[in-house]
Every structure is written in C-alpha cells, then in structure tokens.
Amino acid sequence: MTRLTTARLILRPHAIGDETLYCAFWGADVLPIEGVKSIAPLDAELAFARLLRFIGHWSAFGFGPFVVEEAETGRIVGEVGFAHMRRGNGADFDGVPEAMWKIDRQLVGKGVATEAVEAATKWFDSSGISQRTVCMIDPLNSPSLAIAARFGFQPFRDAMFRKNPVRLFERISAI
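Thresholds applied
Residues numbered from 1 in each chain as written. Predicted model: local features only at pLDDT ≥ 70, side-chain atom pairs only at ≥ 80, totals over all residues. Heavy atoms only, no water. Core = buried A, V, L, I, M, F, W, Y, C linked by side-chain atoms within 4.5 Å. Buried < 20%, exposed > 50% of the residue type's maximum accessible area, 1.4 Å probe, protein only. Helix = DSSP H or I, 4+ residues; strand = E, 2+ residues; numbered from the N terminus. Contact = heavy atoms within 4.5 Å. Pairing = 2+ DSSP bridges.

Caption draft 1: Structural detail: the nonpolar core. Within the largest apolar cluster, 29 residues are counted, with the highest numbers of intra-cluster contacts made by Leu11, Val80, Trp101, Cys135 and Phe153. Listed by contribution, the elements that provide at least two residues to this core are strand 2 (9-12), strand 3 (65-70), strand 4 (76-83), strand 5 (98-103), helix 4 (112-127), strand 6 (132-137) and helix 5 (142-150). Per-element accounting of this core gives the leading share, 8 residues, to helix 4. With sequence-adjacent residues up to four places away left out, Val80 is seen in contact with Leu11, Pro65, Phe66, Val68, Met100, Trp101, Lys102, Ile103, Ala116, Val117 and Ala120. Ranked by size, the runner-up nonpolar core spans 13 residues in total, among them Phe25, Phe54, Ala83 and Met85.

Caption draft 2: Focus on the pairing of strand 3. Judged by how many residues are buried, strand 3 sits mostly within the fold: 6 of 6 residues are covered. Alternating residues of strand 3 divide into Pro65, Val67 and Glu69 and Phe66, Val68 and Glu70, and every residue in both groups is buried. By the bridge criterion, 4 bridges tie strand 2 to strand 3 in an arrangement that is antiparallel. By the bridge assignment for strand 3, Ile10 is matched with Glu69. With 5 bridges joining them, strand 3 and strand 4 adopt antiparallel strand pairing. Its bridge partner lying in strand 4, Glu69 is registered against Ile76. Where strand 3 folds back on strand 4, the antiparallel hairpin that results is connected by 5 residues, among which Gly74 adopts a positive phi of roughly 80 degrees.

Printed below as a string of structure tokens:
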C-alpha cells in the first residue's frame, strides 16, 4: 500500500474504515471564497459513494487520490492526488490524470495544501504513470490557482463545467 509521510501529514489510499471520518470531512461547511461557487457539503450517501469510487480507483488504475490525515491526531483533513474523473472536457483533458486537492477549511493558509500536494506530486511524478497531468479550477479561486502555479500547472483553455466557468490547466513533469 502506498503511504506517504510529511512533517505533519500522512497520505494514504482511501479505506472502507474511513467512512465515518471521511463523511464528516465532506459534510463540513466549505470556506466561502468571494465569487466562487463552492462545492456544497456532501450528504452521507454521496460521501460514501465518493469513498468507494476512490477505493476502486487504486484497484483499477494503480493510483488515485490520497486521504490526508494529521499525523498527530489521525483526523482526515484533506484529499489530494490524481484521478481519472471523466468530466467531459475533451480528450486533451479527460484522457490524462487530473490533479485534485481539498483541505479542511480550518487549515487554509497554514501550508497544509502545499505540503500534501507536494508529497502527492513527487510520488506521482516518480511513479512514471503519466508525464502530463491536468486540473480544473474556478478562475476566481485564488487559493487553488496559487497551488496550481506553485506546482507548474499552466492554463491551456477555459471551459464550462456544470454551468460554471472553469479554467483548465496542464503540467508536464520534468521526470
């Protein structure tokens, strides 16, 4: 099992035993960002379906998003990694792994997202799975735009997703 550790975090694949903490993580209120249509909290059914999706992702593809735990408490504080999401953005987007990140609102601005995304990106790059990755961000979501820029994602096209404007980014790994 792939398990990554940083100074404050443990990143590992999702497990069925995560259900209670995972549902609590996805059921929490999201931090509002002015002008950005945020992801609504997920009810227990949708959070459980998401959990199962990512458990299966590792089986089907050999990679997937990681659950991010605080090393000190074991609390689930995020989800980062790469997945085939099939969002309908075209072959230049849907045909390659999509980077994703979400961090607990209480930890925004404390470097947790950077720490987690860095660990997941280094692991993914060294795995040789794909040199090119993509991500999709609301163009007004400045915290996510900053993470994307920090890790070398470059915008390549604007699109609409679920009737909302998004910007599509790509990153070519040096490895």
